[in-house]
Amino acid sequence: MTDTPIADAPPIPDLPRDATQDGPAVRLYLVDGSGFIFRAFHALPPLTRKSDGLPIGAVSGFCNMLWKLLVDMKAQDDAPTHLAVVFDHSEKTFRNKLYDKYKAHRPPPPEDLVPQFPLVRDATRAFGVHSLELPGYEADDIIAAYACKVRDMGGEVRIISSDKDLMQLVGDRVFMLDTMKNLLIGREQVVEKFGVQPEKVVEVQALCGDSVDNVPGAPGIGIKTAALLINEYGDLDTLLARAGEIKQDKRRQTLIDFADQIRLSRQLVQLDCDTPLPSPIDDLRVAEPTAEVLAAFLEEMGLHTLGRRVASGGGGATAPAAPSTPAPRPTSVTDHGPIDVTKYVCVRDLETLDAWIAKAHAAGVIAFDTETDSLSSANAGLCGVSLAIAPGEACYIPVGHEHEGGLEFDAPADLTQITHDEVIARLKPLLEDPAVLKVAQNAKYDIAVLSRQGINVSPIEDTMLISYVLEAGLHKSHGMDELSKRWLEHEPIPFKQVAGTGKAQKSFKHVPLEPATCYAAEDADVTLRLYLLLRPRLITGGLLTVYETLERPMPAVLAQMEIEGIRIDPDQLARLSHDFSVRMTELEAQAYELAGRPFNLGSPKQIGEVLYQEMGLASKKTTATGAQGTDASILEDLAADGHALPRVLLDWRQLSKLKGTYTDNLAAAISPRTNRVHTSYALGATTTGRLSSSDPNLQNIPVRTEEGRKIRKAFIAEPGHVLISADYSQIELRLLAHVGDIPQLKKAFLEGQDIHAATASEMFGVPIEGMPAETRRRAKAINFGIVYGISAFGLANQLSIPQDEAGAYIKTYFERFPGIRTYMDRTKQAVRAQGFVSTIFGRKINIPAVYSKSQAERAFGDRAAINAPLQGAAADIIRRAMIRMPAALKASGLKARMLLQVHDELVFEAPEAEADALITLAKQVMEHAAEPVVALSVPLVVDARAAKNWDDAH
DNA sequence: TGCGTCACG
DNA sequence: GACGTACGTGACGCAA
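Please read these numbers as outputs of a predicted model, since none were measured by experiment.

Rules behind the numbers
Residues numbered from 1 in each chain as written. Chains lettered and ligands numbered in written order. Predicted model: local features only at pLDDT ≥ 70, side-chain atom pairs only at ≥ 80, totals over all residues. Heavy atoms only, no water. Helix = DSSP H or I, 4+ residues; strand = E, 2+ residues; numbered from the N terminus. Buried < 20%, exposed > 50% of the residue type's maximum accessible area, 1.4 Å probe, protein only. Contact = heavy atoms within 4.5 Å. Areas by Shrake-Rupley, 256 points an atom, 1.4 Å probe, with all protein chains shown as cover. Lys, Arg positive; Asp, Glu negative; His and termini not counted. Charge placed at Lys NZ, Arg CZ, Asp CG, Glu CD. Salt bridge = Lys/Arg side-chain N within 4 Å of Asp/Glu carboxyl O. Core = buried A, V, L, I, M, F, W, Y, C linked by side-chain atoms within 4.5 Å. Pairing = 2+ DSSP bridges. Near = heavy atom within 4 Å. Polar contact = N/O pair within 3.5 Å; in protein donor to acceptor, adjacent residues only side chain to side chain. Nonpolar A, V, L, I, M, F, W, Y, C, P; charged D, E, K, R; others polar. Axes fitted to C-alpha atoms, helices over the stretch in contact; angles between N-to-C directions. Domains from an automatic or database assignment. Buried area = accessible area lost by both parts, 1.4 Å probe. Parallel < 35°, antiparallel > 145°, perpendicular 65-115°, else oblique. Left-handed = near helix turned anticlockwise from the far one by under 90°. Disulfide = S-S within 2.5 Å.

**Here we look at the overall build of chain A**
(1) Moving on: Counting its regular elements, chain A contains 37 helices and 23 strands.
(2) Moving on: C-alpha extents for chain A along the principal axes are approximately 115 × 80 × 60 Å.
(3) Moving on: Scored against the burial criterion, the 954 residues of chain A give a buried share of 51%.
(4) Moving on: The contacts in chain A between residues at least 6 apart in sequence include a share of 68% that link residues at least 24 apart.
(5) Moving on: Counting every atom, chain A has about 42,300 Å² of accessible surface; 53% of that belongs to carbon and sulfur.
(6) Moving on: In chain A, 101 positive and 125 negative side-chain charges are present, and the distance between their average locations comes to 4 Å.

Structure (structure tokens):
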């Protein structure tokens, strides 16, 4: 390398000015972003964010370099008018098609660097600088295309890079600038390096090859020889054509033998000036960063030093310091104009479709939505796809619309559509294009639907999850209609309006194209507007990492689990159902006998009449509405008093519950297509970060009673396979020990003690050895109570002891574990001060109840606030394990599948031979799921077991 | 549709 | 000492 510093140059030297006195209309600076990243990464020691250990060395270095560049630029009198940072794309480029070994020797990027790639793009945008990339092209090609274009327009270009491959672009108006080494590279410097003018650099490179990029070139020929030959023969084609004239035997033979390889090498190093421009040049105009956004980003990354420098001006942004609270919410967004559903386009021919797809590529960020003929994604057939490429610019592409039932007496409407296969073939490259961000509302559904069409949508974001991260606990729903009303002051067309309601509701494929277009395209339009409005708030709210690490990866993971489903033995369920029926009939007869008349055992109201009025039993409790209660605890009390009917009712209720909720309906839920049951997991549905399961709910399959476990035994593995259940032991109590910093609890967990016995021993001063079961049971109830925000009433109820006795236990507990009271007081104080609590991973849980006028509701809020950081952190941890699991399984070469999640348990199905390996792997991933972001002061312990059915595995 | 009840963590 | 009470879910059947 002939790096030649320019003598006595100022830090960033001035360019020779061959444009007009006022400078050219366009002076474009192009930053080789990928070069910046790798330099930053390798130049700096491994640096992690203090708050959670996220590696941010490259982000930090990148931000510093970018900031310095911006400051230095401004100081010059020939500051750029336009500016962009250009990134490589991770996927294969057209060069791999020419030569499959191109860059094949490159090792994958370091593990610590990978999560920083998206952050660096965020950083670029936070600095108010355009970020450019394009699939199938390297950053160098994009740089080449802009450089050529601007040069030909009469503008000036400066390429901030030290990559010698870019030297072919240097010319009278195009310079390279190596900011690290303070080098300005013009024609003269290129000639020094390559021995030829920039226009011939490609030909020299073609001859000498490049071992780093694995460009073969001609063996034995280096830069010096190559330059000599090119200068002698004028150009490469002439050289190769006249190779026979070369005097040196070896050199002549090499050029003849390797002529094709040399031509191929030229193609590989030649940058493509015809690369499409990802953004028009006009869009790259230099702009000031938004001070709040930049400050919030740096704060989020923990880059306080740079944050202060930026805030103080530093010659750069005029920004004041970041506000400590998020920007106030606008009541509406009018920047993008009103929503007008009549403007949407129905795409019915290939030409129009291709035009939309081209516009989508150019846009880089689009929203989409799939319309289907079913609510459950597992069986949904595709009716159409809508795309929004800009606010107000959206279309609907129908694929399966048809007339309903052939009852069309009038002339049938024209239903000409592009065929299903053609639409899928056209959309697949777009939806899988890594350079086009796809935004969806409830992405899990669309991922599942499109996965059945052979499309793996990526990269993808989810407005529902962004809203959830920002406002969990503030609203019951993060559905699109609510979000639209909340943020856009727009009420989307109700589904019922286009499809009808109740029994007359039709499948979406029978909805005429015009209303279907209005409805479907509006969804995409609204989703895109929501994304543009809400996504920046993740940064200003300090919640970007929560979204990126705990939410955004989930839809793909859950979609896969839902698609897998689990096998259930319908015959076993049918036998149980019959058994339960018979016994219920017997119990009914007994109940009528005892009551002296028939009545509906399923009616709490009628039970109340029989028990409290006709039989004259004393009702112990009333329900919320003042009715006399008949729940299990009351019936148990009455049974304990020696009454016969309550026992019969309890037994009947148990069987009725099992039959009604489980045996009958689980069998009905088996998909005829897969012979398995596919639940639906809801994200964004709970306040704490937990998932929920429905249709059917597989998170509440019975386990606590012998009868109930018979249902669990019907969950089975395929022949030759086993189910493996892996569950966290006492995770919430462990988190309490960590978060509340309770020395005795931590010690007990570190020593692997029986935590409830240890609690009892500490509280009552009795040894663990030979402890009565009742003593341990009480301590266990207290431990659970603590996690729930204990009250004397609740504990008394749980243990069936007087309230003052329960109060005494709590008092003792707080005396023995003073740290718990501190934690509870601290949490209550915090939630009343700010209205939310956070998990150790940064998830925010709003608890507006603490501001209620009702004292009872405020107390409710306090207890929820005590519980939420524990339940929420446990939810965060199992999410982290689930997100890592697919790659871990793949890396281990296991065929095992993750099927179910039950809050602290994961259920897998694996070939029998894999059982042991899977148990080891699942334990490893789950027990270390908090790392490296959080170093827990207590170990996480996972128990795992394999068996033919879920009950035996549990 | 709201309520009571009960299955789970 | 009030206040109603453990935290978080979903599904069922009844009664309106």
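**Focus on the pattern of salt bridges**
(1) Moving on: Under the counting rule described, the total for this entry stands at 60 salt bridges.
(2) Moving on: Across the pair R583 and D579 runs a salt bridge whose closest N-O atoms are separated by 3.2 Å. Taken together, the residues R583 and D579, both in helix α23 (residues 570-595) and four residues apart, mark about one turn of the helix.
(3) Moving on: One continuous salt-bridge network, built from bridges that share partners, spans D122, R125, E461, R535, E548 and R552.

**A closer look at the nonpolar core**
(1) Moving on: One finds Y728, I820, I877 and M882 to be the most contacted residues of the largest nonpolar core, which totals 189 residues.
(2) Moving on: Not counting chain neighbours up to four residues away, the residues in contact with I877 comprise Y728, I731, L735, F841, A929, A930, L936 and L940.
(3) Moving on: Within the second largest apolar cluster, 50 residues are counted, among which are Y137, L166, M176 and Y233.

**A word on the sheet that holds strand β13 (residues 566-568)**
(1) Moving on: Here we have three strands laid out as an open sheet, ordered β14-β13-β17, and antiparallel in their pairing. Across the chains shown, the open sheet's two edge strands, defined by having one partner strand only, are β14 (676-677) and β17 (715-716).

**Focus: the protein's contact with DNA strand B**
(1) Moving on: Around DNA strand B lies a shell of 22 residues, among which T625, T630, V703, R704 and D904 are the nearest.
(2) Moving on: Among the atoms of DNA strand B lying within 4 Å of the protein, the sugar-phosphate backbone contributes 77%.
(3) Moving on: One nitrogen or oxygen atom from the side chain of Y662 is found 3.5 Å from a sugar or linking oxygen belonging to DNA strand B.
(4) Moving on: Grouping the constituent residues of the surface near DNA strand B by class yields eight nonpolar, eight polar and six charged.

**Brief notes about the sheet that holds strand β6 (residues 183-185)**
(1) Moving on: Pairing within the open sheet is mixed, and its six strands lie in the order β3-β2-β1-β4-β5-β6. In this open sheet, the two edge strands, each paired with only one partner strand, are β3 (130-132) and β6. Between one strand axis and the next, the sheet turns through 25° on average, direction left out of account.
(2) Moving on: Examined bridge by bridge, strand β2 (residues 82-86) and β3 share three bridges and lie parallel to one another. Paired with V85 across the two strands is S131, which belongs to β3.
(3) Moving on: Packed onto the sheet, helix α1 (residues 33-43) meets β1 (27-32), β2, β4 (156-160) and β5 (174-178) and runs at close to 45° relative to β1.

**Concerning the protein's contact with DNA strand C**
(1) Moving on: The local shell around DNA strand C holds 31 residues, among which S603, S692, F793, Q855 and R863 are the closest.
(2) Moving on: Close to the protein, within 4 Å, the atoms of DNA strand C belong to sugar or phosphate groups at a rate of 63%.
(3) Moving on: Contact distances for DNA strand C include 3.3 Å between a phosphate oxygen and a side-chain N or O atom of Q606.
(4) Moving on: S791 is positioned with one of its side-chain polar atoms (N or O) 3.0 Å from a base oxygen of DNA strand C.
(5) Moving on: If one sorts the elements of the surface near DNA strand C by residue count, helix α35 (residues 855-891) sits on top with six residues.
(6) Moving on: The class makeup of the residues in the surface near DNA strand C is seven nonpolar, 19 polar and five charged.

**Some remarks on the domain arrangement of chain A**
(1) Moving on: Along its sequence, chain A is organised into domain 1 (27-284), domain 2 (341-404 + 412-565), domain 3 (567-672) and domain 4 (753-869).
(2) Moving on: For domain 1 and domain 2, the distance between their C-alpha centroids amounts to 38 Å.
(3) Moving on: Taken residue by residue, the interface counts ten residues in domain 1 and seven residues in domain 2.
(4) Moving on: Summing both partners gives a buried area of about 610 Å² for domain 1 against domain 2, and 57% of it is carried by carbon and sulfur.
(5) Moving on: If you sort the residues of domain 1 by the area they bury against domain 2, H89, D122 and P135 come out on top, with a joint share of 49%.

**Concerning the packing of helix α2 (residues 57-75) against helix α4 (residues 116-126)**
(1) Moving on: Where α2 meets α4, the axes come as close as 9 Å, and the angle between the chain directions of the two elements is 25°. Between α2 and α4, the angle falls in the class roughly parallel. For α2 against α4, the interelement crossing comes out right-handed. Within the contact between the two elements, α2 uses G57, A58, V59, F62, C63 and L66 and α4 uses Q116, L119, V120, A123 and T124.
(2) Moving on: Taken together, the residues that form the contact of α2 with α4 break down as eight nonpolar, three polar and no charged.

**Points about the pairing of strand β8 (residues 365-372)**
(1) Moving on: Burial runs high along β8: seven of the eight residues are buried.
(2) Moving on: With three bridges connecting them, β8 and strand β11 (residues 437-440) associate as parallel partners. Paired with A367 across the strands is V439, a residue of β11.
(3) Moving on: Alignment of β8 against strand β9 (residues 382-390), held across six bridges, turns out to be antiparallel. Across the sheet, A367 pairs through a bridge with A388, a residue of β9.

**A closer look at the state of the cysteines**
(1) Moving on: Counted according to the given criterion, the structure contains one disulfide.
(2) Moving on: Here C148 engages in a disulfide with C273; their sulfurs sit 2.1 Å apart. Remark: C273 occurs in the loop between α11 (259-269) and α12 (291-301) and C148 occurs in helix α5 (residues 139-152); sequence separation between them is 125 residues.
(3) Moving on: C148 gets classed as buried once you look at its relative accessible area, which sits at 8%.
(4) Moving on: By relative accessible area, C273 is classed as partly exposed at 31%.
(5) Moving on: No disulfide involves C518; its sulfur sits 9.6 Å from that of C346, the nearest cysteine.
(6) Moving on: The buried category is assigned to C518, whose relative accessible area is 17%.

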